[in-house]
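Residue-level listing of the chains:
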Amino acid sequence: MAKLEDIVSLCKRRGFIYRGSEVYGGLAGTWDYGPLGVRLKWNIMDLWWKTFVDDRDDIYGVEAAILMNPKVWQASGHVDTFTDPLVECSNCKGRFRADKIDISKCTTCGKAGTFGEPRQFNMMFKTHIGPVGRLGFNDENVKESITGTKRGDLLDGNLVYLRPETAQGIFTNYKNVVDSFSPDIPFGIGQMGKAFRNEISPRDFVFRSREFEQMEVEYFVHKDNWQAEFEKWVVDIDAFLKNLGLPDSKIKKVEVPEADRAHYSQRTIDYEFEFPHGNDELLGLAYRSDFDLGNIARASGKNMEYRPKDSSASFVPHVIEPSFGVERAIMAVLTGAYTEDEVNGEKRIFLKLPHHLAPVRVAVSPLLKNKPQLGAKAREVYKMLKTEIDNVMYDDNGNIGKRYRRQDEIGTPYCVVIDFDSLENNDVTIRHRDTTKQQRIKIDELIPELK
Ligand code: ATP
């Protein structure tokens, strides 16, 4: 089992993930993706989009604005209830999420009985839209429009939130998509993108971040069919997790008991993964009834009913929501792929990534860096491969042994090496990541073989 520090260290060393704003000492809960990390992340997101949007006739993709009218978050209940219980230690002033720790004793300073009653802390980040200032002498018109404000108050009239989930950007576009595309029900709308949560204690690498990405579908169904559609989603999610290369043995589906479910939901499954820090939520699948569309209809006064084409009675659809977190998917993929073995008596670390997720699919190298004929031939092969295969890398750094070690660590499935025989015979060596076996092949046959 990979240790968290091994994964964090590999990610930094090899250019996957760095601490956010590291040069200034970092910013808790934020992470920056390096050249390989961003590729891995996009490969995961592309796979999700292809699986759940492009390859399906019944799901439409959208990209809503991150900043939304604050009425969205009032109607959805986030302003009132999107909270976590916060406790503060009176001794060391450490702040913790009360539901995630044993509050009888502070985990930082070790003192017992130092926590008061938990208070509810809203996790939405606030910001202001348009010019902001303090209410001054010349703000008579503004003053009139905001009751209860006095000189010196921060103008709150233009308060907006950074979205804490992508789901509401889907619900607010439900009617637009229905009007533009007249979909048959059941149908879904999918969105991928940033979400922001002011987590009380971000932790476990990117697992709990303050800025992260989600991939969500809201799947609209007739209320009588929700159970059958829910079961289909379980099958589809299982297939996607397999495609991410996640071992079945590390995935646990947890039926959330009624007491822990939202009042409107009759079924929720948390998909847990065996992360290095323990079993924890990778994604959720929830039946949300007509809660969200009902709220929007009430708050906006707009009709959210779906009108069936067979002229049967209109109804407000119910919703099934599979909600994936990109960072947690990355952590799961890295955890599943991290492997240590021994080659010729030496310890080797490699990422056994599924080929379609690897940030570099093929690395092309000259056997020796300082031989111009080898370099020229290697460049020729590199250019040829690039026209047909995504994410091919030219690598002539260090000696060949170091290159293999580096490519293994970043999960490159194949290294193609050009040597002196290549100049004579037009053939090259393919070296396989998982077995370290080498295979000789004509350059003409390289593309079909690698594909
Ligand atoms: P948790 O209980 O771990 O805080 P949650 O139940 O609040 O998660 P949801 O609101 O259901 O999470 O969000 C859907 C998905 O978004 C989660 O399954 C997870 O993959 C991802 N996610 C949520 N919060 C974070 C975060 N702070 N950092 C990274 N991913 C997150």
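Predicted, not measured: the structure shown is a model, and the values here were computed from it.

### Notes on the overall build of the chain
- When you go through the chain residue by residue, the secondary structure sums to 14 helices and 21 strands.
- When its C-alpha atoms are laid out on the principal axes, the chain stretches across 85 × 65 × 50 Å.
- When each of the 451 residues of the chain is scored for burial, the buried share is 34%.
- Excluding contacts between residues fewer than 6 apart, the proportion of contacts in the chain whose partners are at least 24 apart in sequence is 63%.

### A few points about the site of the ligand
- Taken together, the neighbourhood of the ligand is formed by 13 residues, with S209, F212, S323, G325 and R328 sitting nearest.
- Those elements that place two or more of their residues in the shell around the ligand are β10 (211-221), β13 (278-289), β14 (318-325) and α10 (326-337).
- Top contributing element to the shell around the ligand by residue count: β13, with three residues.
- Classifying every residue of the shell around the ligand by side-chain character gives two nonpolar, five polar and six charged.

### Overview of the pairing of strand β16 (residues 346-351)
- Relative to β16, strand β15 (residues 338-343) runs antiparallel, the two sharing six bridges. When the sheet's bridge partners are listed, E340 is paired in β16 with I349.
- Hairpin geometry of β15 and β16 is characterised by an intervening segment of two residues between the two adjacent antiparallel strands and by a positive phi of about 50° at N344.

### Describing the sheet that holds strand β4 (residues 83-88)
- As summarised here, the arrangement of the three strands in space is β5-β4-β6, forming an open sheet in which the pairing is antiparallel. Each edge of the open sheet carries a strand with a single partner, namely β5 (95-97) and β6 (119-122). Shown here is a sheet whose adjacent strand axes are inclined to one another by a mean of 45°, direction ignored.
- Where β4 meets β6, four bridges bridge the pair, whose relative direction is antiparallel. Among the inter-strand pairings, L86 is bridged to a residue of β6, identified as R119.

### Observations concerning the pairing of β4
- Here β4 pairs with β5 via three bridges, running antiparallel. Bridge pairing in β5 links E88 to R95.
- Between β4 and β5, which pair antiparallel one after the other, the connecting turn spans six residues, and K93 there sits at a positive phi close to 70°.

### Notes on the sheet that holds strand β3 (residues 59-61)
- Strand order in the open sheet made by the seven strands is β3-β9-β10-β14-β13-β12-β11, with mixed pairing throughout. Taken across any chain shown, the strands that pair with only one partner, and hence form the sheet edges, are β3 and β11 (251-255). The sheet shows a mean angle of 25° between the axes of neighbouring strands, taken without regard to direction.
- Judged from the six bridges that link them, β13 and β14 form a sheet pairing that is antiparallel. Bridged to L283 within β14 is F324.
- α10 rests against β10, β12 (268-275), β13 and β14 of the sheet, and its axis sits at about 105° to β10.

### Side note on the packing of helix α2 (residues 35-54) against α10
- Close contact between α2 and α10 brings their axes to 10 Å; oriented N to C, the two are set at 110°. One finds that α2 runs roughly perpendicular with respect to α10. Residue-level inspection shows L40, K41, I44 and M45 of α2 in contact with α10, the latter providing V326, A329, I330 and V333.

### A few points about helix α11 (residues 372-388)
- Taking 1.5 Å of rise per residue, 17 residues should cover 24 Å, and α11 covers 25 Å from first to last C-alpha, within 8% of that figure.
- When we look at burial in α11, the residues that qualify are L374, K377, A378, V381, Y382 and L385. For α11, the angular spread of buried residues about the axis comes to 145°, placing them on one side. Within α11, the exposed residues directed more than 90 degrees away from the buried face are P372, A376, K383 and T387.

### As for helix α12 (residues 400-409)
- Regarding α12, the residues found buried are R403, Y404, Q407 and D408. Along the axis of α12, the buried positions cluster into a sector of 130°, meaning they face one direction only. Facing away from the buried surface of α12 by more than 90 degrees, the exposed residues are G401 and K402.
- Looking at the packing, one finds that the buried side of α12 touches β16, β17 (362-366), β19 (414-418) and β20 (427-432).
- Following α12 by one or two positions, G411 has its phi on the positive side, about 85°.

### Regarding the environment of A2
- Position of A2 relative to the elements: it lies in the segment before α1 (4-13).
- Along the backbone, A2 and C89 are 87 residues apart, and their C-alpha atoms lie at a distance of 33 Å.
- Not counting the four nearest positions on each side in its chain, A2 is found in contact with I7, P276, T335 and Y338.

### Examining the nonpolar core
- The biggest cluster of nonpolar side chains holds 91 residues, and the ones touching the most others in it are I44, I330, V333, V364 and V416.
- Per-element accounting of this core gives the leading share, eight residues, to α10.
- Residue assignment places this core across two domains, with domain 1 (4-82 + 163-334) and domain 2 (360-450) each supplying three or more.
- Not counting residues within four places of it along the chain, the set of residues in contact with V333 comprises I44, L244, G245, L246, L353 and L357.
- Grouped together as the second largest cluster of nonpolar side chains are seven residues, C89, I103, C106 and F115 included.

Calculation notes
Each chain carries its own residue numbering, running from 1 in the written order of its sequence. Reporting in this predicted model follows two pLDDT cut-offs: at least 70 for local features of residues, and 80 or more for side-chain atom pairs to be given and counted; totals over whole chains, interfaces and linings ignore these cut-offs and use all residues. Put simply, DSSP marks the helices as runs of H or I at least four residues long and the strands as runs of E at least two long, and each gets a number from the N terminus on. Exposure classes come from backbone-placed C-beta atoms, where a residue is buried if 20 or more other C-beta atoms lie within 10 Å of its own, exposed if 12 or fewer do, and partly exposed in between. The contact criterion used is a C-beta to C-beta distance within 7 Å, with each C-beta placed from the backbone. Any residue whose backbone-placed C-beta atom lies within 6 Å of a molecule or strand is treated as near that molecule or strand. Gly counts as polar in this scheme, as do all residues outside two lists: the nonpolar Ala, Val, Leu, Ile, Met, Phe, Trp, Tyr, Cys and Pro, and the charged Asp, Glu, Lys and Arg. Any two strands between which DSSP finds at least two bridges are classified as paired. Between the N-to-C directions of two axes lies an angle of 0 to 180 degrees, each axis being a line fitted to C-alpha atoms and, for a helix, fitted only over the stretch in contact. Oblique is the label for any angle not under 35 degrees, not over 145, and not in the 65 to 115 range, which are roughly parallel, roughly antiparallel and roughly perpendicular in turn. Between the first and last residue of a helix there are one fewer steps than residues, each counted as 1.5 Å, and that sum is the expected span. Directions pointing from the helix axis toward each C-beta atom define the arc. Buried Ala, Val, Leu, Ile, Met, Phe, Trp, Tyr and Cys residues whose C-beta atoms connect them within 7 Å together make up a nonpolar core. What counts as a domain boundary in this text is fixed by an automatic or database domain assignment.

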